[in-house]
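Analysis of the macromolecular model
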Amino acid sequence: MSRIRRTVRLPVEIERAEPLTLVMSRLKNQKYHLIGSHSAVKKCLWVHNALTQGRFCYKCKFYGIESHRCVQFTPATLWCWNACLHCWRVRPQDLGLSDKDLMRLPSVDDPEVIADLAIEEHRRTVSGYRNVAPKNMWEKAMNPKHVAISLTGEPTLYPRLSELIQVFHKKGLTTFLVTRGIRPEVLASLEEEPTQLYVSLEAWNKEMYDFFNRPLISKGWEKTLETLELLPSFSSPTVLRITLIKEFNMSNEDVKGFARLIDKASPTYVEPKAYMHVGGSTERLSRDNMPSMNEVLDFAEKLAIETGYRVVSYSAPSRVVLLTRLEGPIIRYGKGCPNAWRTEEIGDEFSGEYGQPESF
């Protein structure tokens, strides 16, 4: 852990300004579309790449998601019970908000209203591509079919999450819910499961978790373990996302540690993915902490040996590998990437999230 930076130096003007105003201003400057009192939509890089280059996110290759029809959304823009070192988004703590400010949403917007606004804002973000993208793709982009509930914050802090998922499903959208697993009681009480559930991890023991994920509550790790034990009860497919950080969680000991968690959770899929040295994380971590595609593959292959899962696909631009025990790509959520796991790669590991920002 010695090469992980521990402090953040803030400009003087940030230290003097009102925290909530600063956070909201930063979000708007980063092209977040704030909706209601606690939600947001932001156009994903892969929406842009799909419409302008015909290049698709790894979720297309792995799961059939059509990138240009995917809404990147959160119902808890600022609110999260972790302050992870690798988070590339705005961490409210960095701009002066207290832990107490981030424990619960200040109000609770209606799920139907949030869903309608999220779809409307997605359409707004892609409307300008009308004369840039192929007509058929632009028309489809204006009719989204998937929502990734993962943009920023912890979505399980939204008290009406189950209703929100149900509303999206009734509107014909599939849902991927991404959580840090810090609220197992919410996941256990969902009346409507997401189409697919992700639990995102960087640590496999309490010491690592407390150092890297900086929980705002005293039993964050214990709650994470509760979530992992809960996963086999889900009828929807589940995914363990392991974000890999060099000099922190990629040793042979780490492989064995994560293998024990995989055994506990028995997920449908495992996704080892490289930490990307972008955004706010560059103030806390070094570029040396970002593994290469080959290093991610090497870790995945060791994990496969340890767990009995198979390496079945990968995406170099996103530096991510897919492991599963399934015999083939039998679970597909859209019409994207018909060659599924065998879809030919377009671009290298410097052409995705750690590439040039969009100019449109």
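Quick look at the structure, then. (Residues numbered from 1 in each chain as written. Predicted model: local features only at pLDDT ≥ 70, side-chain atom pairs only at ≥ 80, totals over all residues. Heavy atoms only, no water.)

Concerning the pairing of strand β7 (residues 238–244)
Across the 7 residues that make up β7, a large majority, 7, are buried. The alternating pattern of β7 places Thr238, Leu240, Ile242 and Leu244 and Val239, Arg241 and Thr243 on opposite faces, both of which are buried. Two elements, strand β6 (residues 196–201) and β7, share 5 bridges in a ladder whose sense is parallel. Looking at β7, one finds that Leu201 is bridged to Ile242. Here β7 runs beside strand β8 (residues 269–274); their pairing, made up of 6 bridges, is parallel. Along β8, the bridge assignment pairs Val239 with Tyr269. Once you follow β7 into helix α11 (residues 252–265) and on to β8, the crossover reads as right-handed. (Buried < 20%, exposed > 50% of the residue type's maximum accessible area, 1.4 Å probe, protein only. Helix = DSSP H or I, 4+ residues; strand = E, 2+ residues; numbered from the N terminus. Pairing = 2+ DSSP bridges. Right-handed = clockwise from strand over helix to strand, strands pointing away.)

Concerning the state of the cysteines
If you walk through the whole model with that rule in mind, you get 1 disulfide. Shown here is the disulfide that connects Cys60 with Cys337, its sulfur atoms set 2.1 Å apart. The sign of the S-S torsion, about 120°, decides the handedness of the disulfide formed by Cys60 and Cys337: right-handed. Of this pair, Cys60 sits in helix α4 (residues 58–63) while Cys337 sits in the segment after β10 (320–324), and the two are 277 residues apart along the sequence. Grouping residues by exposure puts Cys60 and Cys337 together as buried. Distance from the sulfur of Cys57, which forms no disulfide, to the nearest cysteine sulfur (Cys44) is 6.0 Å. (Disulfide = S-S within 2.5 Å.)

Here we look at the side chain of Thr175
Note on placement: Thr175 falls in strand β5 (residues 174–179). At 2.7 Å, the side chain of Thr175 and the side chain of His169 are in polar contact. (Polar contact = N/O pair within 3.5 Å; in protein donor to acceptor, adjacent residues only side chain to side chain.)

Description of the nonpolar core
Residues Phe73, Phe168, Leu177, Leu228, Leu240, Phe258 and Leu303 are the most contacted members of the largest nonpolar core, which totals 83 residues. Residues contacting Leu303, with those up to four places away along its chain left out, are Ile242, Val255, Phe258, Ala259, Ile262, Val270, Pro272 and Leu323. Listed in part, the 19 residues of the second largest apolar core include Cys57, Tyr58, Cys70 and Tyr198. (Core = buried A, V, L, I, M, F, W, Y, C linked by side-chain atoms within 4.5 Å. Contact = heavy atoms within 4.5 Å.)

Remember, this is a structural readout, not a statement about activity or role.
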